[in-house]
Amino acid sequence: MTIVRQNTLNTTVNPLVSPPENLAEKYREAERMRDVLLLLQNLINSEEATVKLILDCLYDVGSVNLINQKLPLKPLNRLMKLIARMSKPVFRTLAFNWFKKNCPKLITDWLQTKVSFENPPNTPEQVAIEVVQLEPYSIPQTQSLSQEIKNLRSQVRWLAAISVIAIAILGVTATHLN
């Protein structure tokens, strides 16, 4: 910490010490942002049904898109969509609790960055990347890799089919036991 004498010759100011107006402004800003946080929490509590409907819509769209992207096989795709529909009530409960706990603070922090009008952070400097020329595979090696990929794909299909059958048998067994 540096000590600065106040005289007519030295006009430098210690940057760590803020004028009283800045402290008052910072205190008022913190108080108002706390008010925003409380208002958002109150909004979520009073509009619980609306928040749950929004989360349901997001779950419907997101689960279908994720399943379509990750599972192109039709039978497995349909089965996963059915499972996703059945797990929706569990998601709704967990997502609402997470939303209620975390989102007011996240939204408040985001809003504070929008009203602070500070300069955006500096972008990192570009780093030079060395590009190494790869040698292509030989023709026999390419054919063997292609054959290995075909074998692995067929094994994945078999495993998917066996999994679907096993789940179906498990469901039938559970239904008959009840």
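For the structure given in this document, a descriptive report is provided here.

Calculation notes
- Residues numbered from 1 in each chain as written.
- Predicted model: local features only at pLDDT ≥ 70, side-chain atom pairs only at ≥ 80, totals over all residues.
- Heavy atoms only, no water.
- Patch = residues over 30% accessible without salt bridge, like charges linked within 9 Å, V, L, I, M, F, W, Y side chains within 5 Å.
- Areas by Shrake-Rupley, 256 points an atom, 1.4 Å probe, with all protein chains shown as cover.
- Salt bridge = Lys/Arg side-chain N within 4 Å of Asp/Glu carboxyl O.
- Lys, Arg positive; Asp, Glu negative; His and termini not counted.
- Charge placed at Lys NZ, Arg CZ, Asp CG, Glu CD.
- Helix = DSSP H or I, 4+ residues; strand = E, 2+ residues; numbered from the N terminus.
- Buried < 20%, exposed > 50% of the residue type's maximum accessible area, 1.4 Å probe, protein only.
- Phe/Tyr/Trp six-rings, centres within 6.5 Å; stacked < 30°, edge-to-face > 60°.
- Lys NZ or Arg CZ within 6 Å of the ring centre and 35° of its normal.

Here we take up a negative patch on the surface. Together, Glu21, Glu25, Glu29 and Glu118 make up a region of like negative charge exposed at the surface. Relative to the helices and strands, Glu21 is located in helix H1 (residues 20-46). On the accessibility criterion, Glu21 (52% relative accessible area) is exposed.

A few words now on the pattern of salt bridges. Under the counting rule described, the total for this entry stands at five salt bridges. Of the charged contacts, one joins Asp35 and Arg32 as a salt bridge, the two residues approaching to 3.3 Å between their closest N and O atoms. Note that Asp35 and Arg32 are positioned in helix H1 at a spacing of three residues, about one turn of the helix.

One pass over the full model with this rule turns up one aromatic pair. Residues Tyr59 and Phe91 carry aromatic rings whose centres are separated by 4.3 Å and whose planes lie at 25 degrees to one another, so their mutual orientation is stacked. Highlighted residues: Tyr59 in helix H2 (residues 48-70) and Phe91 in helix H4 (residues 88-116), separated in sequence by 32 residues. Here Tyr59 falls in the buried class, since its relative accessible area comes to 15%. Looking at Lys52, its charged tip hangs above the ring of Phe96, at a distance of 5.2 Å from the centre.

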